[in-house]
Amino acid sequence: MTYQGLIHRYGQYLDLPAHTKNISLLEGNTPLIPMPRLSAELGCELFIKFEGLNPTGSFKDRGMTAAISEAVGRGAQTVICASTGNTAASAAAYAARAGLRSIVLIPEGKVAAGKLAGAIAYGAEVIQVQGSFDDALTLVVEITQKTPIALVNSINPFRIKGQKTAAFEICDDLGSAPDWLCLPVGNAGNITSYWAGFKQYQKGLPQVLGVQAAGAAPLVLGHPVEKPETIATAIRIGKPARGEQALDAAQESNGRIIAVSDEQILSAQRILAAEGVWVEPASAAGLSGLLAESTVGKFEARGKRIVVVCTGHGMKDPSIITESFQSPKVIPANYDALIDLIEE
Ligand code: AN7
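A brief report on the enclosed structure follows. Keep in mind that what you see is a predicted model, and the values were worked out from it rather than measured.

Turning our attention to the site of the ligand. In the region of the ligand, 23 residues are neighbours, and N86, N187, A188, N190 and T311 sit closest. One of the backbone nitrogen or oxygen atoms of G186 is found 2.8 Å away from an oxygen atom of the ligand. At a separation of 2.7 Å, an oxygen atom of the ligand approaches a polar backbone atom of N190. Coverage of the ligand by the protein chains reaches 99% of its 480 Å² of free accessible surface. For the shell around the ligand, the secondary-structure elements that each account for two or more residues are α4 (86–98) and α9 (189–201). When its residues are assigned to classes, the shell around the ligand shows 9 nonpolar, 12 polar and 2 charged.

Okay, structure coming up:
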């Protein structure tokens with residue numbers, strides 16, 4: 001039978017209510033891509049779980065199929081979320097699919113072009129808030145307490161249930177959990193979901209390395225960050241809704257949550273692209289943390305099986321490219337100019 005999406009494949013593990021009406025764009029089933037060069041350099045077996053290949057280009061579709069399916073099943077007509085961009089695009093797409101109205105609140109001027117374009121294309125009402133993601137989330141929580149509008153941020157428990165499926169897929173592909181799982185941490189829904197998923201699936205438990213951007217690292221600093229700042233706008237979050245659970249996951253797994261600089265994130269993004277996997281900056285945080293720690297001898301990768309989660313596609317954030325990579329050169333339309341340039 002052809003693939004029919006996550007609720008069809010893993011519904012028996014998700015404990016969704018009976019009223020759930022399956023809304024799917026055939027999300028999930030993303031590849032676990034071996035990385036031979038990185039593996040050889042680190043002396044480990046390294047795989048990328050490439051979540052950028054979901055229908056809207058990020059891992060958010062896993063939780064969104066569950067959240068929208070539940071919401072539409074109980075008769076919701078409008079959904080709302082705050083977002084650094086990927087949740088907005090995903091909510092908009094699944095709401096469109098279900099015939100719901102969607103409203104998304106984003107921090108003004110701080111959402112990557114591919115995410116904003118997606119949210120608009122899928123028909124969301126996009127509202128820019130003059131504040132941070134955290135401010136937008138506060139507004140969304142208040143409005144969903146006072147009106148029948150359904151909240152589809154990862155505070156919604158069905159988002160977490162859906163996102164557990166990534167852990168199930170990794171176990172199914174490898175036959176067991178990896179030794180380490182490395183991933184970015186923003187609002188902390190994903191790390192919470194992976195940990196719950198591995199525990200539930202009983203195919204072993206990885207150690208978890210959660211990675212925040214240094215300018216938005218409340219879980220490393222131990223306190224909220226009022227004005228988070230990072231080039232990795234997806235994880236520009238100062239008050240993670242599931243921060244406690246993220247810290248629990250790191251601790252229970254005998255792992256940790258660390259911070260890396262924007263330069264380290266961009267470097268990891270280039271390293272991934274140089275092996276054929278282009279991800280958005282936030283998505284490179286997991287690898288960045290692994291490389292930062294192994295360089296200074298804090299992470300023993302040798303002999304380990306490691307899965308690095310790349311949460312969103314590089315096409316989400318094209319503006320970063322000319323800054324961090326090289327700009328295309330321009331020539332007149334003649335052969336001499338071309339041969340001169342490429343033999344330079
Ligand atoms: C590419 O879209 O919070 O720790 O509003 O887009 O589960 O929040 C995005 C987060 C990592 C962090 N990588 O995941 C949003 C939003 C990418 C992301 C994260 C996000 P969480």
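Under the criterion given, the structure shown has 16 salt bridges. The residue K161 makes a salt bridge to D15 at a minimum N-O spacing of 3.8 Å. Of this pair, K161 sits in helix α7 (residues 157–163) while D15 sits in the loop between α1 (6–10) and β1 (32–34); the two residues are 146 residues apart in sequence, bridging distant segments of the chain. With relative accessibility at 61%, the residue D15 sits in the exposed group. With a closest N to O distance of 2.5 Å, E142 and K146 form a salt bridge. Taken as a pair, E142 and K146 lie in helix α6 (residues 133–146) at a separation of 4 residues, close to a single helical turn.

Moving on to the pairing of strand β10 (residues 305–310). In terms of residue burial, β10 counts as a mostly covered element, since 5 of its 6 residues are buried. Summarising the sheet, strand β2 (residues 45–50) and β10 pair through 6 bridges and their orientation is parallel. Of the residues in β10, the one forming a bridge with F50 is C310. Bridging between strand β7 (residues 180–184) and β10 involves 3 bridges; their strand directions are parallel. Bridging from a neighbouring strand, L181 pairs with V307 of β10.

Viewed as axis vectors pointing N to C, α4 and helix α5 (residues 113–121) meet at an angle of 20 degrees, and their least axial separation amounts to 8 Å. Relative to α5, the element α4 is oriented roughly parallel. As α4 runs across α5, the sense of the crossing is left-handed. Along the contact surface, α4 presents N86, A88, A89 and A92, while α5 presents K115, G118 and A119.

Cut-offs used in this document
- Residues numbered from 1 in each chain as written.
- Predicted model: local features only at pLDDT ≥ 70, side-chain atom pairs only at ≥ 80, totals over all residues.
- Heavy atoms only, no water.
- Near = heavy atom within 4 Å.
- Polar contact = N/O pair within 3.5 Å; in protein donor to acceptor, adjacent residues only side chain to side chain.
- Areas by Shrake-Rupley, 256 points an atom, 1.4 Å probe, with all protein chains shown as cover.
- Helix = DSSP H or I, 4+ residues; strand = E, 2+ residues; numbered from the N terminus.
- Nonpolar A, V, L, I, M, F, W, Y, C, P; charged D, E, K, R; others polar.
- Salt bridge = Lys/Arg side-chain N within 4 Å of Asp/Glu carboxyl O.
- Buried < 20%, exposed > 50% of the residue type's maximum accessible area, 1.4 Å probe, protein only.
- Pairing = 2+ DSSP bridges.
- Axes fitted to C-alpha atoms, helices over the stretch in contact; angles between N-to-C directions.
- Parallel < 35°, antiparallel > 145°, perpendicular 65-115°, else oblique.
- Left-handed = near helix turned anticlockwise from the far one by under 90°.
- Contact = heavy atoms within 4.5 Å.

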